[in-house]
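# Commentary on secondary and tertiary structure
Listed below are the residues making up each chain.
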Amino acid sequence: ERITLFIGDLAMLHDLNALAALSKTAAPLVAVVLNNDGGGIFHQLPIATHPEVFSPYFDTPHGHEFGLACRNFGLGYARASTRGAFAEAFAEARARPGPSVIEVATDREDTHAVMAALRGLAHEVARELAPNLLSGVGVS
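Residues numbered from 1 in each chain as written. Predicted model: local features only at pLDDT ≥ 70, side-chain atom pairs only at ≥ 80, totals over all residues. Heavy atoms only, no water.

### Thoughts on the nonpolar core
Counting 12 residues, the largest nonpolar core is built from I7, M12, L19, L22, L29, A31, V33, F66, C70, L75, Y77 and V101. Secondary-structure elements contributing two or more residues to this core are α2 (17-23) and β2 (29-35). Every residue in contact with A31, bar those within four places of it in the chain, is listed here: L5, S100, V101 and I102. Listed in part, the six residues of the second largest apolar core include V30, V32, A89 and V104. (Core = buried A, V, L, I, M, F, W, Y, C linked by side-chain atoms within 4.5 Å. Buried < 20%, exposed > 50% of the residue type's maximum accessible area, 1.4 Å probe, protein only. Helix = DSSP H or I, 4+ residues; strand = E, 2+ residues; numbered from the N terminus. Contact = heavy atoms within 4.5 Å.)

See below:
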């Protein structure tokens, strides 16, 4: 079985040395780096409603890609910016031995909107499937 890891671009930037460690293993791992040019996850915090301090202190745009670092460490690498390109890269990464990295180029604002929609959908499904479980846990 292959293992798939999803990691954000800021986390990957802060832990580039993990690519060196990954290159020294035969782990059946596909690392998917969601690159929205920095800090898209912070849109979920209340500070996002304060544009005067939100950027660049929280969303931290960086302008980096990870292809050169992956190639320097001899890791399989692909960059995808469409669903089709990702599906193809993921299938190829799963077929090759050892670790691979797929960088998925996303838009920060689009990512935030998709995550909000997914959270809403998850809440709806949870309310439908287990209404008693949600009472008293702060989920409305």
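Once the structure has been displayed, the description carries forward.
### Points about the layout of surface pockets
If you add up the space inside the second largest pocket, you get close to 200 Å³. In terms of lining, the second largest pocket is formed by A80, S81, T82, R83, F86, V104 and A105. When contributions to the lining of the second largest pocket are tallied by element, the ones reaching two or more residues are α5 (83-95) and β4 (100-105). (1 Å grid on protein atoms, 1.4 Å probe; cavity = no way out; pocket = protein on both sides within 12 Å on 5 of 7 lines; lining within 4 Å. Points joined across faces, edges and corners; volume = space filled by probe spheres on them.)

### A word on the pairing of β2
Remember that side chains alternate between the two faces of the sheet whenever the strand is regular. Counting buried residues in β2 gives six out of seven residues, a clear majority hidden from the surface. Direction of pairing for strand β1 (residues 3-8) relative to β2: parallel, over a ladder of six bridges. Along β2, the bridge assignment pairs I3 with L29. (Pairing = 2+ DSSP bridges.)

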